[in-house]
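# Commentary on secondary and tertiary structure
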Amino acid sequence: MIPFLLGAGVGYVLGARAGRERYEQIARAYRQVADHPSVQGAAGVARAKAGEAVQTGVAMAKERVAPSGSGGHEPAAPGRSTTNGSGR
């Protein structure tokens, strides 16, 4: 934790010394790269693949949660009786 805080502090000090002009320069360079057509295309492909992965994960989760032919009855918790309170 200490190295992270030290790194964040050093980054803040160096960033503050660089000033607004350097920030604007970096922001312009970022926008120029982000707006490039090939980067936009790659981002679209990445978004599509991420969406597919989410859909697959949701389908797998639903399969694991759905009752597996147990007649709609949930199994009793360990150490619990399946009777209606008559086991007390």
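The notes below deal with the structure included here. These numbers come from a predicted model, not from an experiment.

In terms of helices and strands, the chain carries two helices and zero strands. Residues classed as buried in the chain amount to 2% of the 88 residues present. With an accessible surface of roughly 8,100 Å², the chain has 61% of that area assigned to carbon and sulfur atoms.

Below, the discussion takes up helix H1 (residues 2-34). With 33 residues, H1 extends just 33 Å between its outermost C-alpha atoms, more than 12% less than the 48 Å of an ideal straight helix rising 1.5 Å per residue. Approximately 100° is the largest bend angle found in H1, and it occurs at Gly19.

A surface patch of nonpolar side chains, about 400 Å² in accessible area, is lined by Met1, Phe4 and Leu5. Looking at the element boundaries, Met1 is found in the segment before H1. Looking at Met1, the relative accessible area reads 72%, which means it is exposed.

Quick notes on the rules
Residues numbered from 1 in each chain as written. Predicted model: local features only at pLDDT ≥ 70, side-chain atom pairs only at ≥ 80, totals over all residues. Heavy atoms only, no water. Helix = DSSP H or I, 4+ residues; strand = E, 2+ residues; numbered from the N terminus. Buried < 20%, exposed > 50% of the residue type's maximum accessible area, 1.4 Å probe, protein only. Areas by Shrake-Rupley, 256 points an atom, 1.4 Å probe, with all protein chains shown as cover. Expected span 1.5 Å × (residues − 1). Bend = angle between axes of the 7 residues up to and from the residue. Patch = residues over 30% accessible without salt bridge, like charges linked within 9 Å, V, L, I, M, F, W, Y side chains within 5 Å. Salt bridge = Lys/Arg side-chain N within 4 Å of Asp/Glu carboxyl O.

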